[in-house]
Amino acid sequence: MGIFDKFKIGFQKSAAAFTSGLKEIIVKKELDDKSLNDIEDFLIQSDVGVAASAEIKSIISEKKIDPSKDLKDEINLILKEYIVTLMKPLENENFFNKKEKLNATLVSGVNGVGKTTTIGKISKILKSNGNKIMLAASDTFRAAAIEQLEMWAKKIDVNITKSSQGSDPASVAYKAIDEALKNNFDQVLIDTAGRLQNKKNLMEEYKKIANVTKKIDPEAPHDVILVLDATSGQNVINQVEEFNKIIPITGIVMTKLDGTAKGGILLAVAKKYKLPIVALGLGEKEDDLQIFNAEIFANTFIQTS
């Protein structure tokens, strides 16, 4: 199965909801003010966000649409062009390439977004690109998290640094980077405990992990990836806001897009924060994490068939 097919299946719910919703609105051969307002409202309800929805409405209203062409097709084309223009600069395929020196990545997010699983899937892609990988089990709050990361390490045959439950998360990260530097590793991925962005003590612990890594390499962490759950809808906006205050985010991974009909939340995040999009979770299987591609996203999110 090719990447386009995986995107198409992953966005099936969102695409179906989007297509049917627009069809109900666009029933005339020409757009009037009511139809434009209805389109804007529909986009907002689809979690595209107020700013992006207003901008799309403005573009559609100013566009000279050939009356001889199908109006729905023309609007779909406008939407696709808007998505590509907005999101093409946010592609970050280079994240998965082999680096000239060790790259330490801090992976964060609230409870239940799929951080540990995402780390495993990212590691598999990195390894396929020739990277020597070390995982750091810095989610020491739950024994199950350590075991889950260890399972992934065995499954894809990469190294892991771990400690006992309840140990200092920052010390695990430090040890992992230190060992990786001494043994010529290319990548260290640091798992962190799921934390609510409004819990100050937990966020301070998260910040401590980043500060400790700087004792080995002043530029570490080289990447800070925030994992977001698409089914959380507009709540992800607040998560990005709060996590970005603690340590600047360098990229996002959005998971569970196959489980929601409101995949438009990715557009809302892209419009508001302009953060690189590393990959998208389009299923539960080992290979269902897909490197983000704006054109494929646009063509599968706005399906016309």
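Up top is the structure these notes are about.
Below: a short report on this structure. What you see is a predicted model; the values in this text were computed from it and never measured.

**Comments concerning the overall build of the chain**
And then number 1: Summing up its helical and strand segments, the chain has 12 helices and 8 strands in all.
And then number 2: Rg of the C-alpha trace for the chain: 21 Å, near the compact-globule value of 19 Å for 305 residues, within the 12% margin.
And then number 3: Looking at the 305 residues of the chain, the share that counts as buried comes to 52%.
And then number 4: Summed over its atoms, the accessible surface of the chain is roughly 13,900 Å², and 48% of this surface lies on carbon and sulfur atoms.
And then number 5: Side chains of the chain give 42 positive and 42 negative charges; the mean places of these two sets differ by 3 Å.

**Digging into the pattern of salt bridges**
And then number 1: This model, assessed by the stated rule, comprises 15 salt bridges.
And then number 2: The partner of Glu40 in a salt bridge is Lys57, with the nearest N and O atoms 3.4 Å apart. Of the two residues, Glu40 sits in helix H3 (residues 33-45) while Lys57 sits in helix H4 (residues 50-62), which places them 17 residues apart along the sequence.
And then number 3: On the accessibility criterion, Glu40 (16% relative accessible area) is buried.
And then number 4: Among the ionic pairs, Arg142 bridges to Asp139, the shortest N-O distance being 3.8 Å.
And then number 5: Overall, the relative accessible area of 38% leaves Arg142 in the partly exposed class.
And then number 6: Looking at Asp139, the relative accessible area reads 5%, which means it is buried.
And then number 7: Through salt bridges with shared partners, a single network forms among Lys88, Glu91 and Glu295.

**Observations concerning the environment of Thr250**
And then number 1: With respect to the secondary-structure elements, Thr250 resides in the loop between helix H10 (235-246) and strand E6 (251-255).
And then number 2: In sequence terms Thr250 and Leu226 are 24 residues apart; their C-alpha atoms lie 8.2 Å from each other.
And then number 3: Sequence-distant contacts of Thr250, defined by excluding residues within four places in its chain, comprise His222, Asp223, Val224, Ile225 and Pro276.

Reading the values: rules and limits
Residues numbered from 1 in each chain as written. Predicted model: local features only at pLDDT ≥ 70, side-chain atom pairs only at ≥ 80, totals over all residues. Heavy atoms only, no water. Helix = DSSP H or I, 4+ residues; strand = E, 2+ residues; numbered from the N terminus. Rg over C-alpha atoms; globule rule 2.2 N^0.38 Å. Buried < 20%, exposed > 50% of the residue type's maximum accessible area, 1.4 Å probe, protein only. Areas by Shrake-Rupley, 256 points an atom, 1.4 Å probe, with all protein chains shown as cover. Lys, Arg positive; Asp, Glu negative; His and termini not counted. Charge placed at Lys NZ, Arg CZ, Asp CG, Glu CD. Salt bridge = Lys/Arg side-chain N within 4 Å of Asp/Glu carboxyl O. Contact = heavy atoms within 4.5 Å.

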